[in-house]
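Residue-level structure breakdown
For reference, the chains in residue letters:
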Amino acid sequence: LTGVPREHRAYQYLLAHAIPGDPHHVLQTFDRWCYHCEHLSCVGPVKGRIVERLLAERAPLRVLELGTYCGYATVLLAQGLLPGARLYTVEVNPEHAAVAEKVIRLAGFDEQTVSIVLG
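Residues numbered from 1 in each chain as written. Predicted model: local features only at pLDDT ≥ 70, side-chain atom pairs only at ≥ 80, totals over all residues. Heavy atoms only, no water.

- Where an unreviewed UniProt entry is consulted, the protein chain appears under the name catechol O-methyltransferase, with the organism given as Todus mexicanus.
- UniProt, in its Subcellular location (unreviewed entry) section for the protein chain, records the words "Endoplasmic reticulum".
- Regarding the protein chain, the relevant UniProt record gives this comment under Sequence similarities (unreviewed entry): "Belongs to the class I-like SAM-binding methyltransferase superfamily. Cation-dependent O-methyltransferase family." (UniProt positions renumbered as here; feature names shortened; annotations may be inferred.)

Put into C-alpha coordinates, the structure is as follows:
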(Lines give C-alpha, C1' and ligand atoms only; values in the text may rest on other atoms or scores of the structure.)
Protein backbone atom coordinates (compact mmCIF):
# COMPACT_ATOMS: atom_id res chain seq x y z
CA LEU A 1 0.00 0.00 0.00
CA THR A 2 2.86 2.40 0.74
CA GLY A 3 4.94 1.51 -2.31
CA VAL A 4 7.75 0.42 0.03
CA PRO A 5 8.45 -3.34 -0.10
CA ARG A 6 7.68 -5.15 3.14
CA GLU A 7 11.30 -6.28 3.43
CA HIS A 8 12.30 -2.61 3.58
CA ARG A 9 9.52 -1.89 6.08
CA ALA A 10 10.81 -4.74 8.24
CA TYR A 11 14.31 -3.27 8.14
CA GLN A 12 12.98 0.16 9.12
CA TYR A 13 11.27 -1.50 12.10
CA LEU A 14 14.56 -3.16 13.06
CA LEU A 15 16.36 0.18 12.87
CA ALA A 16 13.79 1.74 15.19
CA HIS A 17 13.53 -1.11 17.72
CA ALA A 18 16.53 -3.47 17.63
CA ILE A 19 19.71 -3.00 19.62
CA PRO A 20 22.57 -2.58 17.11
CA GLY A 21 25.31 -5.16 17.51
CA ASP A 22 23.06 -7.58 19.44
CA PRO A 23 22.14 -10.43 17.06
CA HIS A 24 19.80 -12.08 19.57
CA HIS A 25 17.83 -8.84 19.98
CA VAL A 26 17.77 -8.28 16.22
CA LEU A 27 16.18 -11.75 15.80
CA GLN A 28 13.68 -11.10 18.60
CA THR A 29 12.73 -7.80 16.99
CA PHE A 30 12.37 -9.51 13.61
CA ASP A 31 10.08 -12.09 15.23
CA ARG A 32 7.93 -9.33 16.75
CA TRP A 33 7.60 -7.72 13.32
CA CYS A 34 6.62 -11.02 11.69
CA TYR A 35 4.07 -11.92 14.36
CA HIS A 36 2.48 -8.51 14.92
CA CYS A 37 3.01 -6.45 11.76
CA GLU A 38 3.53 -8.36 8.52
CA HIS A 39 4.44 -11.92 7.69
CA LEU A 40 7.89 -12.58 6.26
CA SER A 41 9.19 -16.03 5.47
CA CYS A 42 11.70 -16.53 8.30
CA VAL A 43 13.01 -19.47 10.29
CA GLY A 44 11.49 -18.21 13.55
CA PRO A 45 12.40 -19.05 17.14
CA VAL A 46 11.17 -22.66 17.24
CA LYS A 47 13.07 -23.88 14.19
CA GLY A 48 15.85 -21.50 15.12
CA ARG A 49 16.60 -23.53 18.26
CA ILE A 50 17.10 -26.61 16.07
CA VAL A 51 19.55 -24.70 13.88
CA GLU A 52 21.39 -23.41 16.96
CA ARG A 53 21.67 -26.94 18.36
CA LEU A 54 23.04 -28.32 15.08
CA LEU A 55 25.62 -25.54 14.85
CA ALA A 56 26.74 -26.20 18.42
CA GLU A 57 27.02 -29.95 17.77
CA ARG A 58 28.88 -29.69 14.46
CA ALA A 59 30.92 -26.50 15.05
CA PRO A 60 31.61 -25.86 11.34
CA LEU A 61 34.34 -23.49 10.25
CA ARG A 62 32.55 -22.68 6.99
CA VAL A 63 28.82 -22.52 6.31
CA LEU A 64 27.04 -21.99 2.98
CA GLU A 65 23.52 -20.59 3.03
CA LEU A 66 21.52 -20.65 -0.20
CA GLY A 67 18.85 -17.97 -0.19
CA THR A 68 19.57 -15.06 2.13
CA TYR A 69 16.24 -13.27 1.74
CA CYS A 70 16.18 -10.64 4.54
CA GLY A 71 19.06 -12.07 6.54
CA TYR A 72 17.14 -13.61 9.45
CA ALA A 73 18.63 -17.10 9.09
CA THR A 74 21.99 -15.54 8.24
CA VAL A 75 22.06 -13.72 11.58
CA LEU A 76 20.90 -16.90 13.33
CA LEU A 77 23.68 -18.92 11.72
CA ALA A 78 26.35 -16.28 12.23
CA GLN A 79 25.66 -15.92 15.95
CA GLY A 80 26.24 -19.65 16.39
CA LEU A 81 29.60 -19.75 14.62
CA LEU A 82 32.87 -20.31 16.43
CA PRO A 83 35.38 -17.46 16.39
CA GLY A 84 37.20 -17.46 13.06
CA ALA A 85 34.44 -19.39 11.27
CA ARG A 86 32.92 -17.91 8.11
CA LEU A 87 29.43 -17.85 6.60
CA TYR A 88 28.84 -17.45 2.87
CA THR A 89 25.28 -16.63 1.90
CA VAL A 90 23.96 -16.50 -1.67
CA GLU A 91 21.00 -14.35 -2.76
CA VAL A 92 19.82 -13.93 -6.36
CA ASN A 93 17.54 -10.94 -5.73
CA PRO A 94 19.65 -7.75 -5.45
CA GLU A 95 16.96 -5.91 -3.44
CA HIS A 96 16.74 -8.72 -0.90
CA ALA A 97 20.53 -8.88 -0.74
CA ALA A 98 20.68 -5.14 -0.01
CA VAL A 99 18.21 -5.46 2.87
CA ALA A 100 19.99 -8.56 4.19
CA GLU A 101 23.34 -6.77 4.12
CA LYS A 102 21.92 -3.99 6.31
CA VAL A 103 20.30 -6.48 8.71
CA ILE A 104 23.50 -8.52 9.01
CA ARG A 105 25.62 -5.44 9.68
CA LEU A 106 23.00 -4.09 12.14
CA ALA A 107 23.37 -7.38 14.05
CA GLY A 108 27.09 -6.69 14.31
CA PHE A 109 28.63 -9.07 11.78
CA ASP A 110 31.35 -7.79 9.47
CA GLU A 111 32.59 -9.00 6.07
CA GLN A 112 35.17 -11.25 7.77
CA THR A 113 32.37 -13.31 9.32
CA VAL A 114 29.54 -13.06 6.78
CA SER A 115 29.93 -12.64 3.02
CA ILE A 116 26.91 -12.06 0.79
CA VAL A 117 27.28 -13.38 -2.74
CA LEU A 118 24.88 -12.24 -5.47
CA GLY A 119 24.03 -15.33 -7.49
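**Comments concerning the packing of helix 2 (residues 23–36) against helix 4 (residues 72–79)**
- Their axes nearest at 10 Å, the elements helix 2 and helix 4 cross at an angle of 150°. It follows that helix 2 is roughly antiparallel to helix 4 by the angle criterion. Regarding helix 2 and helix 4, the two cross each other, and that crossing is left-handed. Here Pro 23, His 24, Leu 27, Phe 30 and Asp 31 of helix 2 lie close against helix 4, whose contacting residues are Tyr 72, Val 75, Leu 76 and Gln 79.
- Here the contact of helix 2 with helix 4 is composed, by residue class, of six nonpolar, two polar and one charged. (Axes fitted to C-alpha atoms, helices over the stretch in contact; angles between N-to-C directions. Helix = DSSP H or I, 4+ residues; strand = E, 2+ residues; numbered from the N terminus. Parallel < 35°, antiparallel > 145°, perpendicular 65-115°, else oblique. Left-handed = near helix turned anticlockwise from the far one by under 90°. Contact = heavy atoms within 4.5 Å. Nonpolar A, V, L, I, M, F, W, Y, C, P; charged D, E, K, R; others polar.)

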